[in-house]
Amino acid sequence: MATYERKSPNVLLHSLCCRILQKSEAAEVFPQFQYAIRVVGSNFAPTVERDEFLVAEKIKKELVRQERERDAALFAELHRKLQSQGILHQRWAILYLLLGLAENPRRPTDKGFSSSTLFTQALAALPHSTPLEPTSTATSTSRPSSLPLAPPSNLPHSGSSCGRSGFHSITPQPSQGPTPTPESIYPGQIHPTPTDASHGLPRYGSLWSQGLIKTTSSTSCSHRQNSNQNVVHPDGITGDGEVSEFALVRDLIFVFQGIDGRCVHLDSAGKTYCVNSKTIVPSPLRGAVARLSELGWLHNRLRKFTEHRRLDSSTGLMCQSFCVALHQELKEYYRLLSVLRSQLQVEEDQGITVGHEEQLSMRRLLVWTYEPRLRLKTLAALVDHCQGCKGGALATAIHAYTLTGDPLMKRLSCRILSHVASPLHALLVHWITEGELDDPCQEFFVAANPAVRPERLWHDKYSLRKPMIPSFISTEQARQVLSIGKSINFLHHVCGDRTLETKSKNMLEEVGISSSNDGDWLLSAERVRSTYECTAKHLLHILSSRYQILEHLGALRRYLLLGQGDFIRHLMDLLKPELLRPATSLYQHDLTGILETAVRATNAQFDSTDILRRVDVRLFEVSEGDTGWDVFSLEYHVNGPIATVFTEESMKLYRRAFHFLWHAKRTEHALTDIWTNQMCNGRLLHSLPELFGVLHQCNILAAEMIHFVHQMQYYITFEVLECSWASLLHAVHQAGDLDHILAAHHDFLDAVISRCLLEKESWAMLTQLRTIFDQIVAFQGTQKALHQTALSELHRRLEYHRLVELRPEQPFFTLGLDPTTSSTGFQSQILLGRPFTKSLACCSGFHNVCQR
């Protein structure tokens, strides 16, 4: 010992052993010294809650119960003064020691009996036949007390009585009292109390006051001398040839660990434990063995599940955490078995006979294992319920067991869920702070598709795995979590903005979310909502300020939905000669030049350069017989972040709407020409009385067409476009994130397409409407031909009258006219001519379509 540093714990402990045993030689106290090191190095945790107030209240209640009210008041005053001084830092331990000494029943002792005498007896009673070598000391002290025990055949009967830790063997306890309780093994849990009449269980106390482990004092000798009952032989056979209860209890302790005993073993099917058929066991004991052996089967069930899943890395981190949680529960279970085995070893060493009041009997074993059996049953049911589950589905399955009224099951399930949800919490925090997913086993409820292009990042790259959404996370919260990560990735990879990393991360930490926050296994709804609002607000600010999303929406409304009236009118006037030509003779660069001319001549020139640069001409695929009106369209080019809002699908809808509105505008333009021709040629043709009826019918038909087109234009402009546009602007200004803007834009396009009769359900009505447009255009051509023929006739008549006035006596043939032709002949020629036939057919066709 000279090699040790002076004042080291080993030197002090060795000196204490020499002082107690009153021996000076190091070799004489070496076994006791090694055992003391083992006791000091044990890792037993306190079995009570460190609550100073609770211990003080118990002391005062005990004093009041003993009718010592003055002492209780004096104790309260002294305790108050002790708290105010702050000299002692472990006041609860001192109070607990005093309470334990007060609760420890007094026993008659010899004069001069002291704790040092008792400790001396305890150390002297240690077996000297199995001294611990220095090399084995570290091993024994580092071995956890929760490891399974060895089979009964491998245990020497003369071994140490300390069980696994040997700590309780040196604890001074009375020779009488009930056996240890589950309360000491599972602290902080609900246990049966003396008032529980339904169970009839005895009152439990702590390890210190209820005689958990018996010391090797003189009481063991009295047990051996006063035993007049059936002595238990080493092989477990009593005097009458039956297997003793002691042997069955010993076997059951090993069965609890999944190890077959001498009399109790697992059947060939591996489903139940049963007593050997050749063994003589009383019927009551057989029933108790059957009930108790259920613990072994439950233990095997849990061990098989944990060993299989812990070796399989493909199950994911959450399943691994589930196995770790089950292993932690089994460690608590092993602590109980260690105490039971230590108690049984003490009984065997002291020679406690069968039927003795301190024996660890079947009945007491049932009481001890009542709560552990409930725990293992719950865990086994949980394992069966979670078969094949992983990730969020596993958390959902475990969370279902927390929704129970049983407090024991609820606490156990919550404890398991806290372990399982730890990886989920880590993934969640990493996703909403960094926008990154490290989920190789696909456990998280957010899925990523790395093959998606950046321009489709928002729409297709990230999605929700609905089966993986835990039941304690609502669908709205899951959507917010998805939106947070998508926004971060959209800012990084599409917008090229990383200001959120420095600006918004401080805001995230203010609401309690950071990568170092691992205290809570689940983020609160308030934290998720705050982070969602912060990220979404920053993204919308970038889109509105840097990429002018509202200005692009207005440009599409003005150019593709014909909202810029002066520009559309002037463009149509300039394009009319070109669009009347066959579609095959059109060139895009010519139309683009006309478009630029229309922009410079109207208010469209005041738009931003970026917007005007995106407006272009597009020609559809040409079919046989198409004119320029059939293939012409305006195009608005989108790229970058705004392409997320104006997707290719939405641009197709804009082109469909433009094609319909462009034809409606062309029809209105044609009716304007019809009315202009009627007003210009009406008075000139008034001198032809043969045309009064025809011109009147043309005027009526044109008025009906104008009225119809104006009503339709009013409906499209005000009822469809303006109302939908107002709703879109309101939704955009009220949007909380980019998804809300996309939804509002999608609703806007759906409203325009459906109300303009462009959807499949309105295809028949749209066909009739296009037929009306075609009839109006055909009527324009027919009226133009009629007016041309009538004006030619009028010119010939005026020429005839002029010649007649100049030469009244000259015959017709000298004037170059057919003498058989008269004014009535002109009328019949006009009435039977081709233009009038077209006019009647157009009128009939328009009325038929309108009637349908």
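The structure we're discussing is the one just above.
Conventions adopted
Residues numbered from 1 in each chain as written. Predicted model: local features only at pLDDT ≥ 70, side-chain atom pairs only at ≥ 80, totals over all residues. Heavy atoms only, no water. Helix = DSSP H or I, 4+ residues; strand = E, 2+ residues; numbered from the N terminus. Buried < 20%, exposed > 50% of the residue type's maximum accessible area, 1.4 Å probe, protein only. Contact = heavy atoms within 4.5 Å. Areas by Shrake-Rupley, 256 points an atom, 1.4 Å probe, with all protein chains shown as cover. Core = buried A, V, L, I, M, F, W, Y, C linked by side-chain atoms within 4.5 Å. Pairing = 2+ DSSP bridges. Salt bridge = Lys/Arg side-chain N within 4 Å of Asp/Glu carboxyl O. Axes fitted to C-alpha atoms, helices over the stretch in contact; angles between N-to-C directions. Parallel < 35°, antiparallel > 145°, perpendicular 65-115°, else oblique. Nonpolar A, V, L, I, M, F, W, Y, C, P; charged D, E, K, R; others polar. Left-handed = near helix turned anticlockwise from the far one by under 90°. Patch = residues over 30% accessible without salt bridge, like charges linked within 9 Å, V, L, I, M, F, W, Y side chains within 5 Å. Phe/Tyr/Trp six-rings, centres within 6.5 Å; stacked < 30°, edge-to-face > 60°. Polar contact = N/O pair within 3.5 Å; in protein donor to acceptor, adjacent residues only side chain to side chain. Expected span 1.5 Å × (residues − 1).

K.L.:
Can you lay out the overall build of the protein chain for me, pointing to particular residues and giving the numbers?
P.N.:
Across its full length, the protein chain carries 33 helices and six strands. Counting across all 852 residues of the protein chain, residues that qualify as buried make up 45%. In the protein chain, the proportion of contacts linking residues at least 24 apart, taken out of those at least 6 apart, comes to 73%. For the protein chain, the exposed area adds up to about 43,900 Å²; of that, 55% sits on carbon and sulfur atoms.

K.L.:
Provide a residue-level description of the nonpolar core, including the pertinent values.
P.N.:
Counting residues in each nonpolar core, the largest one holds 150 residues, and the members touching the most others are F322, F445, F567 and W662. Broken down by element, this core gets its largest block of residues, 14 residues, from helix 13 (residues 317-350). The next biggest cluster of nonpolar side chains, apart from the first, holds 19 residues, and it includes I706, L786, A790 and L794.

K.L.:
Break down unusual backbone geometry for me, citing the residues and quoting the values.
P.N.:
Here Q22, not a glycine, exhibits a phi torsion of approximately 55°, which is positive. Along the chain, the position of Q22 falls in the loop between helix 1 (9-21) and helix 2 (30-40). Phi is positive for L757, close to 65°, though the residue is something other than glycine. Residue position: L757 is located in the loop between helix 30 (738-755) and helix 31 (763-806). Judged by relative accessible area, which is 19%, L757 ranks as buried.

K.L.:
For the pairing of strand 6 (residues 632-636), give the residues involved together with the corresponding values.
P.N.:
The buried fraction of strand 6 is high, at five of five residues. Alternating residues of strand 6 divide into F632, L634 and Y636 and S633 and E635, and every residue in both groups is buried. As defined by bridge partners, strand 5 (residues 615-619) adjoins strand 6 across five bridges and the pair is classed as antiparallel. Note that in strand 6 the partner of R618 across the bridge is S633.

K.L.:
Can you tell me about the pattern of salt bridges, naming the residues and giving the values?
P.N.:
Pairs may arise between side chains of opposite charge once their charged atoms sit close together. Evaluated as defined, the whole model comprises 36 salt bridges. Close ionic contact of R614 with D610 constitutes a salt bridge, the shortest N to O distance being 3.3 Å. Taken together, the residues R614 and D610, both in helix 25 (residues 609-614) and four residues apart, mark about one turn of the helix. Residue class for D610 comes out partly exposed when judged on its relative accessible area of 28%. Sharing partners across several salt bridges, the network here consists of E329, E371, R375 and R415.

K.L.:
Residues and numbers for the packing of helix 29 (residues 692-733) against helix 30, please.
P.N.:
In contact at an axis separation of 9 Å, helix 29 and helix 30 are set at 170° when each is read in the N-to-C sense. As far as their axial angle goes, helix 30 and helix 29 are roughly antiparallel. For the pair formed by helix 29 and helix 30, the contact residues are Y715, E719, V720, L721, C723, S724, W725, L728 and A731 on the first element and A744, H745, F748, A751, V752 and R755 on the second. Its residues placed into classes, the contact of helix 29 with helix 30 shows 11 nonpolar, two polar and two charged.

K.L.:
Tell me about the packing of helix 28 (residues 648-681) against helix 30, residues and numbers included.
P.N.:
At their nearest, the axes of helix 28 and helix 30 sit 10 Å apart, and the two run at 30° to each other. Between helix 28 and helix 30, the crossing angle belongs to the class labelled roughly parallel. Regarding helix 28 and helix 30, the two cross each other, and that crossing is left-handed. Contact with helix 28, carried on its side by S650, L653, Y654, R656 and A657, involves H745, F748, L749, V752 and I753 of helix 30 and no other residues of that element.

K.L.:
Got a sec to walk through a nonpolar patch on the surface? Specific residues and values, please.
P.N.:
Residues I87, L88, I94, L97, L98 and L101 make up a contiguous nonpolar surface patch of about 550 Å² in total accessible area. Among the residues examined, I87 registers a relative accessible area of 59% and is labelled exposed.

K.L.:
Describe the packing of aromatic side chains, with residues and values.
P.N.:
Overall, the coordinates contain 12 aromatic pairs when judged by the stated rule. Considering the side-chain rings of F305 and F322, the 5.6 Å spacing of their centres and the 70° angle between planes classify their relative orientation as edge-to-face. Note that F305 is positioned in helix 12 (residues 294-310) and F322 in helix 13, a separation of 17 residues in sequence. A residue is classified by how much of its surface remains accessible, and F305, at 5% relative accessible area, is buried. Their ring planes at 45° and their centres at 6.4 Å tell us that F660 and F773 sit as a pair that is tilted. Highlighted residues: F660 in helix 28 and F773 in helix 31, separated in sequence by 113 residues.

K.L.:
I'd like a description of the environment of Q548, backed by residues and values.
P.N.:
Among the secondary structure elements, Q548 is positioned in the loop between helix 21 (525-545) and helix 22 (549-559). Between the C-alpha atom of Q548 and that of I642, which follows or precedes it by 94 residues, the distance is 8.6 Å. Polar side-chain contacts of Q548 include one of 2.9 Å to the backbone oxygen of S545.

K.L.:
Quick rundown of the environment of E28? Include the residues and the values.
P.N.:
Within the fold, E28 resides in the loop between helix 1 and helix 2. Overall, the relative accessible area of 40% leaves E28 in the partly exposed class. Separated by 10 residues in sequence, E28 and C18 have C-alpha atoms that sit 8.7 Å apart.

K.L.:
Describe helix 12, listing the residues and the values that go with them.
P.N.:
Compared with the 24 Å implied by 1.5 Å per residue over 17 residues, the 24 Å span of helix 12 between its first and last C-alpha is a close match. Buried within helix 12 we find L295, G296, L298, H299, R301, L302, F305, T306 and R309.

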